[in-house]
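Each chain is listed here by its residues.
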Amino acid sequence: MNYFSSRRITSYLVGALLFSSSLAVSAENLRNVNITGIQKINVDQHELLKALPFAVDKHGNLKKTTPLTSRLSDQIIKDIYATGFVSDISVPNHVDNNGSLTINVVPHPMLEWVNIHGNSKITKKEMKPFVDKLGITAGKSYSPYDVKVLEEALKENYLMLGYNKVKITTSASTIDGVNIQDWKPSDLTDTKHGRMKLDIAITEGSPQTIHTINFKGNKTFPKKILSKQIKITPKS
């Protein structure tokens, strides 16, 4: 049984992050886009170029010259954030003499490996479609938000199974042992710092049990009849 079939993933809210672009961008002709920063963790620049709101070739050359406006800059930021690869973007308010725009990004660290353990009532096979959809797998970008979504989904589904005391502990650190709480974007200059390992430990605990059921206020139907309507088998 797949407990995650009806779970929806909340989309990212990036509107508040548009401060990086200037409202006073002049309408200079944009001919080429170069993205820097993403190479530090070996993500292909082409993955971000494909997300741009205009057509470019694999070298970032626009197929049609486009005026660089504040609205276009805002859309560039939205589209690159939507890839899930980056945590910050800097877009200049002008192009260079050749019509080239250099966008600097700070990427999320990449997951080197993910270990989920301690679970038995909800198997890894049942979790897999949801985990894959969130991108919490090796080779994907590490997102604290997605990990939190997974934690809440697990707790919700364990509660449905009667395990209301389940504990989920996540621990993220770089390959060389730096805890995620101490990680800084500048650490991505070191390839090891740009690779993360994620450990998700599940302590299921014991299921909640019902010892007795009492009825109050029942005048029309006696306890004996009401009890028969509850499909609970007493534990022997």
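The following paragraphs examine the structure supplied in this document. (Residues numbered from 1 in each chain as written. Predicted model: local features only at pLDDT ≥ 70, side-chain atom pairs only at ≥ 80, totals over all residues. Heavy atoms only, no water.)

### Quick word on the overall build of the protein
As a reminder of what qualifies: Strands are runs of DSSP state E lasting at least two residues, helices are runs of H or I lasting at least four, and both sets are numbered from the N terminus onward. In this description, contact between two residues means that some pair of their heavy atoms is separated by no more than 4.5 Å. Method for areas: the Shrake-Rupley scheme with a 1.4 Å probe, in which residue coverage is limited to the protein chains shown.
Summing up its helical and strand segments, the protein has five helices and seven strands in all. Counted from the first residue to the last, the protein has its helices and strands arranged as β-α-β-α-β-β-β-α-α-β-β-α. The long-range share in the protein, meaning contacts at least 24 apart out of those at least 6 apart in sequence, stands at 68%. When the accessible surface of the protein is totalled, it reaches about 14,500 Å², and 51% of it is carbon and sulfur.

### Quick look at the packing of aromatic side chains
Going by this rule: Each Phe, Tyr or Trp ring, with Trp reduced to its six-membered ring, pairs with another whose centre is within 6.5 Å; inter-plane angles below 30 degrees give stacked pairs, above 60 give edge-to-face pairs, and intermediate values give tilted ones. Any residue under 20% of the maximum accessible area for its type is buried, any over 50% is exposed, and the rest in between are partly exposed; the area is computed with a 1.4 Å probe on protein chains only.
Under the criterion given, the structure shown has one aromatic pair. Residues Y158 and Y163 carry aromatic rings whose centres are separated by 6.2 Å and whose planes lie at 75 degrees to one another, so their mutual orientation is edge-to-face. Classification of Y158 as buried rests on a relative accessible area of 0%. With a relative accessible area of 9%, Y163 lands in the buried category.

### Describing the sheet that holds strand β7 (residues 195-203)
Think of a sheet as strands paired side by side through backbone hydrogen bonds, with each pair either parallel or antiparallel. Applicable threshold: Each pair of strands is called paired provided DSSP finds at least two bridges between the two strands. Interaxial angle, 0 to 180 degrees, is taken between N-to-C directions of lines fitted to C-alpha atoms, where a helix line uses only the stretch in contact.
Spatially, three strands are ordered β5-β7-β6 in an open sheet, and the strand pairing comes out mixed. The two strands at the open ends of the sheet, each matched to only one other strand, are β5 (110-117) and β6 (167-174). Going from strand to strand, the sheet's axes swing by 15 degrees on average, the running direction of each strand aside. As paired strands, β6 and β7 are joined by eight bridges and run antiparallel to one another. The partner of T174 across the bridge, within β7, is M196. Seen against the sheet, helix α4 (residues 144-160) touches β6 and β7 and runs at an angle of roughly 160 degrees to β6.

### Side note on the packing of helix α3 (residues 124-134) against α4
Which entries qualify depends on this criterion: The labels follow the angle: roughly parallel below 35 degrees, roughly antiparallel above 145, roughly perpendicular from 65 to 115, and oblique for the rest. If you view the pair so one helix is near and one far, a crossing is left-handed when the near helix is turned anticlockwise from the far one by less than a right angle, and right-handed when it is turned clockwise. Classes in brief: Ala, Val, Leu, Ile, Met, Phe, Trp, Tyr, Cys and Pro nonpolar; Asp, Glu, Lys and Arg charged; the others, Gly included, polar.
Packing of α3 against α4 leaves a shortest axis separation of 10 Å and a crossing angle of 155 degrees. Compared by their axis directions, α3 and α4 come out roughly antiparallel. For the pair α3 and α4, the sense of crossing is right-handed. Of α4, the residues touching α3 (which contributes M127, F130, V131 and L134) are D146, V149, L150, A153 and L154. Looking at the contact of α3 with α4 residue by residue, the class counts come to eight nonpolar, no polar and one charged.

### Side note on the sheet that holds strand β3 (residues 86-90)
Strand order across the open sheet formed by four strands is β2-β1-β4-β3, with mixed pairing between neighbours. Lying at the two open borders of the sheet, with one neighbouring strand each, are β2 (61-68) and β3. For this sheet, the mean angle separating the axes of adjacent strands, direction not counted, is 40 degrees. Across four bridges, strand β1 (residues 28-36) lies against β2 in antiparallel orientation. Note on β2: the bridge partner recorded for N32 is N61. In the packing of helix α2 (residues 70-81) onto the sheet, the strands contacted are β1, β2, β3 and β4 (100-107), and the crossing angle to β3 comes to about 160 degrees.

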